[in-house]
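Okay, here's what each chain looks like letter by letter:
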Amino acid sequence: MKVVLRRGRPEDAAEGGRICFEAFSGIAAAHGFPADIPAAEVGAGLFETLLRHPDFYDVVAELDGRIVGTNFLDERSPIAGVGPITVDPAVQNAGIGRMLMQDVMERAAERQAPGIRLLQSGYHTRSFALYADLGFEFRETAACLQGPPIGGTVPGYATRPAQAADLAACNEVCRSVHGVDRGGELADAVKAGTARVTEHDGRITGYTTEMAYFGHTVGETTEDVRALIAAAPAFGGPGILVPASDSALLQWCLRSGLKVLQLMSVMTIGLYNEPAGAYLPSILY
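Residues numbered from 1 in each chain as written. Predicted model: local features only at pLDDT ≥ 70, side-chain atom pairs only at ≥ 80, totals over all residues. Heavy atoms only, no water.

Some words on the layout of surface pockets
Empty space among the atoms can be located by rolling a probe the size of a water molecule over them.
Thought 1: Estimated volume of the second largest pocket: approximately 160 Å³.
Thought 2: Surrounding the second largest pocket, Thr 194, Arg 196, Thr 208, Glu 210, Met 211, Leu 228, Ala 231, Ala 232, Pro 233 and Ala 234 form its lining.
Thought 3: In the lining of the second largest pocket, the residues fall into six nonpolar, two polar and two charged. (1 Å grid on protein atoms, 1.4 Å probe; cavity = no way out; pocket = protein on both sides within 12 Å on 5 of 7 lines; lining within 4 Å. Points joined across faces, edges and corners; volume = space filled by probe spheres on them. Nonpolar A, V, L, I, M, F, W, Y, C, P; charged D, E, K, R; others polar.)

Put into structure tokens, the structure is as follows:
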């Protein structure tokens, strides 16, 4: 089997999206879980966005001239985020996933990224084994939660839409919690109108890029993050990712009507600081 790797092109979106849907839905169904990507068209839309974004690195695997796998690396911020990585179900377990992972890891090394991170579905033990074998370390279990909007407020914590003038303060909050900022993602979210901030005692103490699968959230305290969750009109995609170690936040979410869809593993290579505050990872990290 001769597999060739190349950079992605916008015209790869439809086929890549189809493979993404079939790969994720097949694995999820085999374990009795809902699929992360609900339809091939949704996968194609996601892929078109990523393939056209200047700060996402993309790699496509071809076999006999047809696409059999893809992978992406989010390069918008100092830490690189991996995914989605997908391999055509017809050729899974043949080493293509490893090739795609090694390619993005080499890319991160060339760009001297201080660290790489990803999240993987807890039920998919083969991918966990692959990432661990490639050097990724397990850091945290995150619960994927979905349900109706919670509504309400947290006394003393106000939320509002984020503005471009808030970027510096938000990045400082992220650095205080994680040791690095995610300024590129945040800037995209502010431009898209999905980002919100929490204010407490007259200053910004937390933000979210979006309460959704691809959004991340950071706060100095659990109350900051709780205020942002309570203000969300909906939870996009499969839902939000809540660290299981933040028992107070997780229990509040469950008491507020959210349900656990699946558990995911946060895995990292390189720079990692134990979070010094509250956060919700995105599906990338």
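We are not done yet, so read on.
Considering the side chain of Asp 181
Thought 1: Positionally, Asp 181 belongs in the loop between helix 5 (167-178) and helix 6 (183-192).
Thought 2: A polar side-chain atom of Asp 181 sits 2.8 Å from a polar atom in the side chain of Arg 175.
Thought 3: Among the polar contacts listed, one links the side chain of Asp 181 to the backbone nitrogen of Gly 183, at a separation of 2.9 Å. (Helix = DSSP H or I, 4+ residues; strand = E, 2+ residues; numbered from the N terminus. Polar contact = N/O pair within 3.5 Å; in protein donor to acceptor, adjacent residues only side chain to side chain.)

Quick notes on the packing of helix 5 against helix 6
Thought 1: Between helix 5 and helix 6, whose axes approach to 10 Å, the crossing angle comes to 140°. Classified by the interaxial angle, the pair formed by helix 5 and helix 6 is oblique. When you trace helix 5 past helix 6, the crossing you get is right-handed. Every residue of helix 6 that contacts helix 5 at Leu 167, Cys 170 and Asn 171 is listed here: Gly 183, Leu 186, Ala 187 and Val 190.
Thought 2: Considering only residue class, the contact of helix 5 with helix 6 consists of five nonpolar, two polar and no charged. (Axes fitted to C-alpha atoms, helices over the stretch in contact; angles between N-to-C directions. Parallel < 35°, antiparallel > 145°, perpendicular 65-115°, else oblique. Left-handed = near helix turned anticlockwise from the far one by under 90°. Contact = heavy atoms within 4.5 Å.)

Things to note about helix 3 (residues 96-110)
Thought 1: Under the 1.5 Å per step criterion, the end-to-end length of helix 3 is 21 Å for 15 residues, consistent within 8% with the ideal 21 Å.
Thought 2: Among all positions of helix 3, only Ile 96, Gly 97, Leu 100, Met 101, Asp 103, Val 104, Met 105, Arg 107 and Ala 108 are buried.
Thought 3: Immediately downstream of helix 3, the backbone of Gln 112 shows phi near 55°, a positive value. (Expected span 1.5 Å × (residues − 1). Buried < 20%, exposed > 50% of the residue type's maximum accessible area, 1.4 Å probe, protein only.)

Digging into a nonpolar patch on the surface
Thought 1: Taken together, the side chains of Leu 254, Val 260 and Leu 263 present a nonpolar region at the surface, about 240 Å² in accessible area.
Thought 2: With respect to the element layout, Leu 263 can be found in strand 13 (residues 259-270).
Thought 3: A relative accessible area of 46% means that Leu 263 is categorised as partly exposed. (Patch = residues over 30% accessible without salt bridge, like charges linked within 9 Å, V, L, I, M, F, W, Y side chains within 5 Å. Areas by Shrake-Rupley, 256 points an atom, 1.4 Å probe, with all protein chains shown as cover. Salt bridge = Lys/Arg side-chain N within 4 Å of Asp/Glu carboxyl O.)

With respect to the packing of helix 3 against helix 4 (residues 125-133)
Thought 1: Running from amino to carboxyl end, helix 3 crosses helix 4 at an angle of 40°, the nearest separation of the two axes being 11 Å. Judged on the interaxial angle alone, helix 4 and helix 3 are oblique. The handedness of the crossing between helix 3 and helix 4 is right-handed. Between helix 3 and helix 4, the residues in contact are Gly 97, Arg 98 and Met 101 and Leu 130, Tyr 131 and Asp 133, respectively.
Thought 2: Considering only residue class, the contact of helix 3 with helix 4 consists of three nonpolar, one polar and two charged.

Here's the deal with the sheet that holds strand 8 (residues 158-161)
Thought 1: Taking strand neighbours across the sheet as the criterion, the five strands line up as 8-9-10-11-14 in an open arrangement whose pairing is antiparallel. Unpaired on one side and paired on the other, strand 8 and strand 14 (278-280) mark the two borders of the sheet. Strand-to-strand twist of the sheet, defined as the mean angle between neighbouring strand axes without regard to direction, takes the value 25°.
Thought 2: With five bridges joining them, strand 9 (residues 196-200) and strand 10 (residues 203-208) adopt antiparallel strand pairing. Within the sheet, the bridge partner assigned to Glu 199 lies in strand 10 and is Ile 204.
Thought 3: With respect to the sheet, helix 5 is in contact with strand 9, strand 10, strand 11 (217-219) and strand 14, its orientation differing from that of strand 10 by roughly 75°. (Pairing = 2+ DSSP bridges.)

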